[in-house]
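Observations on the model geometry
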There are 4 protein chains.
Amino acid sequence: MSQDGAQEADHAGFKYNRRVYFVETDMAGIVHFSTYFRYMEEAEHALWRAAGLQVANIEKTGGWPRVSASFDYKSPLRFDDEFEVAVRIGNVTRRSFRYDFTFTRGDVLVGSGSITAVCSTKEGGRLRAVDVPQEMIARLRTAAGQ
Amino acid sequence: MSQDGAQEADHAGFKYNRRVYFVETDMAGIVHFSTYFRYMEEAEHALWRAAGLQVANIEKTGGWPRVSASFDYKSPLRFDDEFEVAVRIGNVTRRSFRYDFTFTRGDVLVGSGSITAVCSTKEGGRLRAVDVPQEMIARLRTAAGQ
Amino acid sequence: MSQDGAQEADHAGFKYNRRVYFVETDMAGIVHFSTYFRYMEEAEHALWRAAGLQVANIEKTGGWPRVSASFDYKSPLRFDDEFEVAVRIGNVTRRSFRYDFTFTRGDVLVGSGSITAVCSTKEGGRLRAVDVPQEMIARLRTAAGQ
Amino acid sequence: MSQDGAQEADHAGFKYNRRVYFVETDMAGIVHFSTYFRYMEEAEHALWRAAGLQVANIEKTGGWPRVSASFDYKSPLRFDDEFEVAVRIGNVTRRSFRYDFTFTRGDVLVGSGSITAVCSTKEGGRLRAVDVPQEMIARLRTAAGQ
């Protein structure tokens with residue numbers, strides 16, 4: 001059975017399981033290519049929960065604005081498919097860090113992607129970039145089994 | 001050519017024109033039934049702009065929370081279809097008012113729906129219901145040709 | 001922990017549990033009103049799976065086209081909220097049937113809604129309304145604890 | 001006024017104009033990062049229409065499956081913002097081609113992205129990669145002012 005929530009992690013990263021909803025398909029009969037970016041964010045937030053971090057602290061962080069996002073498509077997902085997203089923390093710079101995602105459906109590689117987010121605080125309604133909190137990265141890495 | 005924005009109004013109401021995007025279809029080859037609720041909101045906001053009203057005053061109004069929404073489906077929309085949404089102001093009570101929408105594609109009735117919104121202000125982060133501003137309703141009615 | 005999938009049923013209906021995704025919120029800080037229609041469909045499909053029915057038989061059924069859908073909003077959902085959707089089979093006519101949904105977050109009533117679907121087959125690319133299969137309704141009712 | 005549809009092209013590419021819908025914002029008050037991928041596809045399809053090409057020939061082409069997609073975010077879009085997407089045909093290989101997109105709001109650079117699509121035909125329900133039709137690429141380039 002597919003479960004939506006925190007899963008165990010191994011060396012391949014933190015695992016997030018999901019089932020494709022009907023609305024996520026398009027008239028080509030497959031999941032729309034933009035939806036994979038939503039799946040990546042879901043997996044990111046599941047990782048935050050597993051790390052015991054406050055995922056929704058928007059007022060203070062401005063929501064970790066994205067710098068870039070990309071996805072490489074290998075095999076399409078279809079309605080009701082159950083798939084797994086493995087998340088790992090990738091490259092960390094002074095003010096940004098990257099998530100790397102691998103999507104599989106059973107033994108089939110669905111695709112892989114990444115999101116780079118910048119660390120920021122909200123001051124007087126405006127975002128200001130800040131240094132990546134090392135403690136936070138450490139906890140995310142641990143939750144990802146790294 | 002389809003245009004996205006303010007249109008003229010006649011006795012049938014304010015007109016909003018739209019073209020179906022690919023992502024709005026599902027694997028059944030038609031526009032997903034939830035999308036019509038998004039189209040209704042787009043038409044609502046186009047009416048606000050036509051009425052010269054501040055559509056995005058979320059900080060003060062809390063976004064006119066919805067009390068109810070419904071849609072009756074008659075004929076499906078498909079990718080690239082151009083359609084028209086006619087909006088009218090329906091029943092107005094002390095603290096809420098209703099929009100009525102009719103969707104057509106050429107001569108074909110696509111469906112009809114309605115949204116009831118409550119008037120509110122944001123005070124200390126919490127929403128409080130307030131009386132419907134009569135001036136606002138008057139301007140929306142005028143823009144809808146009523 | 002929130003789980004996405006088949007749940008037990010009691011007299012209140014079949015239960016579907018879900019967590020709010022970030023993308024489902026809007027700038028008012030709450031779940032967009034159109035999203036509840038997607039949640040209802042998710043719960044519908046979870047009920048089909050629980051009933052052992054083929055949920056994705058689009059080629060033959062045309063996807064059970066919706067005749068109408070409505071929702072009454074009581075209390076908003078926010079990011080990361082866990083909520084439960086109870087589904088029951090409502091009114092059944094010769095060629096259509098209704099699902100009734102109740103949304104709760106803990107003890108709080110979030111809202112309630114319904115979807116009426118028509119039974120159909122696809123013949124030569126066109127949909128044709130057919131009588132509601134009694135066997136199917138019986139299985140859905142059983143899965144809903146009715 | 002913002003218009004949704006075919007626009008003129010200059011050396012910077014074919015221009016597609018759009019206004020941000022309310023549902024496209026998230027609780028951070030800005031357009032969700034996944035939405036830019038939908039905007040890119042809208043601009044792609046507007047280019048197809050401008051080129052006089054059959055945009056929806058899904059039965060035959062399988063919908064030009066995406067190989068990869070990416071976006072770099074520079075400045076956020078907010079509700080009701082009017083913005084412009086410039087599209088150009090980028091790198092063309094034997095069996096795939098790339099669209100390059102630049103998003104601007106007035107003089108502000110919103111971001112830029114690309115989509116690589118593979119050419120395919122549908123045979124017996126399965127997709128098969130085919131050589132890029134040179135005639136089609138020529139028409140898209142012309143419509144993009146290249």
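Structure report, in brief. (Residues numbered from 1 in each chain as written. Chains lettered and ligands numbered in written order. Predicted model: local features only at pLDDT ≥ 70, side-chain atom pairs only at ≥ 80, totals over all residues. Heavy atoms only, no water.)

Some points on the interface of chain D and chain A
Contacts between the two partners involve 20 residues from chain D, matched on the other side by 20 residues from chain A. Taken over both partners, the interface formed by chain D and chain A buries close to 1,800 Å², and the fraction arising from carbon and sulfur atoms is 62%. Across the chain D-chain A interface, the total number found is zero salt bridges. The tally of links from chain D across to chain A stands at eight residue pairs in polar contact (both at pLDDT 80 or more). Those elements giving two or more residues to the side of chain D that touches chain A turn out to be α1 (35-50) and β3 (66-73) of chain D. Element by element, the count of residues in the side of chain D that touches chain A is highest for β3 of chain D, at eight residues. Classifying every residue of the side of chain D that touches chain A gives 10 nonpolar, five polar and five charged. (Contact = heavy atoms within 4.5 Å. Buried area = accessible area lost by both parts, 1.4 Å probe. Salt bridge = Lys/Arg side-chain N within 4 Å of Asp/Glu carboxyl O. Polar contact = N/O pair within 3.5 Å; in protein donor to acceptor, adjacent residues only side chain to side chain. Helix = DSSP H or I, 4+ residues; strand = E, 2+ residues; numbered from the N terminus. Nonpolar A, V, L, I, M, F, W, Y, C, P; charged D, E, K, R; others polar.)

Focus: the side chain of Glu41 of chain D
Mapped onto the elements, Glu41 of chain D comes out in helix α1. Those residues in contact with Glu41 of chain D that sit more than four places away from it in its chain are His32 and Phe33 of chain A, Phe22 and Val23 of chain B together with Arg66 and Ile115 of chain D.

Thoughts on the pattern of salt bridges
If you walk through the whole model with that rule in mind, you get 50 salt bridges over all chains. One salt bridge in this structure joins Glu44 of chain C and Arg66 of chain C, with 2.5 Å as the shortest N-O distance. Here Glu44 of chain C is found in helix α1 (residues 35-50), whereas its partner Arg66 of chain C is found in strand β3 (residues 66-73), with 22 residues between them in sequence. By relative accessible area, Arg66 of chain C is classed as buried at 11%. With a shortest N-O distance of 4.0 Å, Asp81 of chain D and Arg105 of chain D are connected by a salt bridge. Of the two residues, Asp81 of chain D sits in the loop between β3 and β4 (82-92) while Arg105 of chain D sits in strand β5 (residues 96-105), which places them 24 residues apart along the sequence. (Buried < 20%, exposed > 50% of the residue type's maximum accessible area, 1.4 Å probe, protein only.)

Notes on the relation of the copies chain B and chain C
For the pair chain B and chain C, the relating rotation is 180°, the translation along its axis is 0.0 Å, and the fit reaches an RMSD of 0.0 Å. The symmetry that links the two subunits is that of a two-fold axis. In terms of C-alpha distance to the rotation axis, chain B has Ser70 of chain B as its closest residue, with the C-alpha 2.0 Å off the axis. (Least-squares fit on C-alpha atoms with pLDDT ≥ 70 in both.)

What about the relation of the copies chain D and chain A?
Take chain D, turn it by 180°, move it 0.0 Å along the axis, and it overlays chain A with an RMSD of 0.0 Å. Both copies present the same face, since 100% of the interface residues in chain D are matched by interface residues at the equivalent positions in chain A.

Side note on helix α3 (residues 134-143) of chain C
All names here are of chain C. Among all positions in α3, only Met136, Ile137, Leu140 and Ala143 are buried. Burial along α3 is one-sided: seen end-on, the buried residues are contained in an arc of 125°. α3 presents Gln134, Glu135 and Thr142 as exposed residues on the side facing more than 90 degrees away from its buried surface. Next to the buried residues of α3 lie β1 (9-10), β2 (13-19), α1, β4 (82-92) and β5 (96-105). Note on α3: the residue one or two positions beyond its end, Gly145, has a positive phi of about 75°. (Arc of directions from axis to C-beta.)

Brief notes about the sheet that holds strand β4 (residues 82-92) of chain B
Ordered by their spatial adjacency, 12 strands build an open sheet running β1(B)-β2(B)-β4(B)-β5(B)-β6(B)-β3(B)-β3(C)-β6(C)-β5(C)-β4(C)-β2(C)-β1(C), and the pairing between neighbours is antiparallel. Of all strands in the sheet, those with a lone pairing partner are β1 (9-10) of chain B together with β1 of chain C, marking the two edges. Bridge count for strand β2 (residues 13-19) of chain B against β4 of chain B is six bridges, and the pairing is antiparallel. Across the sheet, residue Phe14 of chain B finds its bridge partner in β4 of chain B, namely Val87 of chain B. Along the sheet, α3 of chain C makes contact with β1, β2, β4 and β5 of chain C, crossing β4 of chain C at roughly 145°. (Pairing = 2+ DSSP bridges. Axes fitted to C-alpha atoms, helices over the stretch in contact; angles between N-to-C directions.)

Details of unusual backbone geometry
Residue and element names in this part refer to chain B. For Asp80, which is not glycine, the phi torsion reads 80° and is therefore positive. Inspection of the secondary structure assignment puts Asp80 in the loop between β3 (66-73) and β4. For Asp80, a relative accessible area of 18% corresponds to the buried category.

Topic: the side chain of Asp80 of chain A
Separated by 3.0 Å, the side chains of Asp80 of chain A and Arg49 of chain C make a polar contact. Every residue in contact with Asp80 of chain A, bar those within four places of it in the chain, is listed here: Arg19 and Val20 of chain A together with Arg49 and Val55 of chain C.

Digging into the sheet that holds strand β1 (residues 9-10) of chain D
Across a sheet, paired strands are connected by hydrogen bonds in the backbone, their directions being either parallel or antiparallel. One open sheet holds the 12 strands; their spatial order is β1(A)-β2(A)-β4(A)-β5(A)-β6(A)-β3(A)-β3(D)-β6(D)-β5(D)-β4(D)-β2(D)-β1(D), and the pairing between them is antiparallel. Whereas interior strands pair on both sides, the edge strands pair on one side only; in this sheet they are β1 (9-10) of chain A together with β1 of chain D. Packed onto the sheet, helix α3 (residues 134-143) of chain A meets β1, β2 (13-19), β4 (82-92) and β5 (96-105) of chain A and runs at close to 145° relative to β4 of chain A.

Quick look at the environment of Thr121 of chain D
Among the secondary structure elements, Thr121 of chain D is positioned in strand β7 (residues 120-123). Along the sequence, Thr121 of chain D and Trp64 of chain D sit 57 residues apart, while their C-alpha atoms lie 8.6 Å from each other.

Some words on the packing of helix α1 (residues 35-50) of chain A against α3 of chain A
Residues and elements named next belong to chain A. Packing of α1 against α3 leaves a shortest axis separation of 9 Å and a crossing angle of 100°. Of the possible angle classes, the one that applies to α1 and α3 is roughly perpendicular. Here Leu47, Trp48 and Ala50 of α1 lie close against α3, whose contacting residues are Met136, Leu140 and Ala143. When grouped by side-chain class, the residues that make up the contact of α1 with α3 number six nonpolar, no polar and no charged. (Parallel < 35°, antiparallel > 145°, perpendicular 65-115°, else oblique.)

A short note on the interface of chain B and chain C
Facing 20 residues of chain B, the contacting portion of chain C comprises 20 residues. Of the roughly 1,800 Å² buried between chain B and chain C, counting both surfaces, carbon and sulfur atoms make up 62%. Linking chain B to chain C there are zero salt bridges. Inspection of the chain B/chain C interface yields eight residue pairs in polar contact (both at pLDDT 80 or more). The set of elements that each furnish at least two residues to the side of chain B that touches chain C consists of α1 (35-50) and β3 of chain B. Counted by class, the side of chain B that touches chain C contains 10 nonpolar, five polar and five charged residues. Where β3 of chain B meets β3 of chain C, five bridges bridge the pair, whose relative direction is antiparallel. Across the sheet, the residue bridging to Phe71 of chain B is Ala69 of chain C, located in β3 of chain C.

No statement about biological role is implied by the geometric values presented.
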